[in-house]
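Descriptive structure summary
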Amino acid sequence: MVVFDRAHDMVGVVDAFGGQMVTLSRPTGVTWQSRSAAVRPGTAYERRQLRAITELWKQQHKGLAR
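In this numbering scheme, every chain counts its residues from 1 along its sequence in written order. With pLDDT at 70 or above as the cut-off, local features in this predicted model cover only qualifying residues; side-chain atom pairs require 80 or more to be listed or tallied, and sums for whole chains, interfaces and linings still use all residues. Side-chain descriptors were evaluated using all non-hydrogen atoms of the structure, hydrogens and water having been removed beforehand.

Helical segments are the DSSP runs of H or I of at least four residues, strand segments are the runs of E of at least two, and each set is numbered from the N terminus. Scanning the protein from N- to C-terminus turns up 1 helix and 5 strands. By principal-axis analysis of the C-alpha atoms, the protein measures approximately 40 × 25 × 15 Å. Buried positions account for 30% of the 66 residues belonging to the protein. If you take every contact in the protein between residues at least 6 apart in sequence, the share linking residues at least 24 apart comes to 41%. Entry remark: accessible area of the protein is about 4,600 Å², with carbon and sulfur atoms responsible for 55%. Only protein chains enter the calculation, and the probe is 1.4 Å; a residue is then buried if its accessible area is under 20% of its type maximum, exposed if over 50%, and partly exposed in between. The contact rule is simple, with two residues in contact once any of their heavy atoms fall within 4.5 Å. Surface exposure here means Shrake-Rupley accessible area, sampled with a 1.4 Å probe, where a residue is shielded only by the protein chains that are shown.

Next up, the structure:
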């Protein structure tokens, strides 16, 4: 589920719920935790933004060994 975290001012995907906290991530590998009250569902614009971040990250790392 794509969400916007107001505390960190970032779009991310919910990975896990734990009490009052949620674990969020971005396609770039960044993960963080935030209070569930600070998270709201992402808008259409924010979903497109996350897809664009994913595509940019893929293009930047294309052909690199992991």
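To define a nonpolar core, start from buried Ala, Val, Leu, Ile, Met, Phe, Trp, Tyr and Cys residues and group those joined through side-chain atoms within 4.5 Å. Ranked by size, the top nonpolar core spans 6 residues in total: Val3, Val14, Val22, Leu24, Trp32 and Val39. When neighbours within four sequence positions are excluded, valine 39 is seen to be in contact with Val3, Phe4, Asp5, Arg6, Val22, Leu24 and Ser34.

This paragraph deals with the sheet that holds strand S2 (residues 10–18). Only strands that DSSP links by at least two bridges are regarded as paired with each other. The 5 strands lie next to each other as S4-S3-S2-S1-S5, forming an open sheet whose pairing is antiparallel. Single-partner strands in this sheet number two, and they are strand S4 (31–35) and strand S5 (39–41). Recorded for the sheet is a direction-independent mean angle of 50° between the axes of neighbouring strands. Examined bridge by bridge, S2 and strand S3 (residues 21–25) share 5 bridges and lie antiparallel to one another. Among the inter-strand pairings, phenylalanine 17 is bridged to a residue of S3, identified as valine 22. Here an axis means a line fitted to C-alpha atoms, over the contact stretch when the element is a helix, while the angle between two N-to-C directions is reported on a 0 to 180 degree scale.

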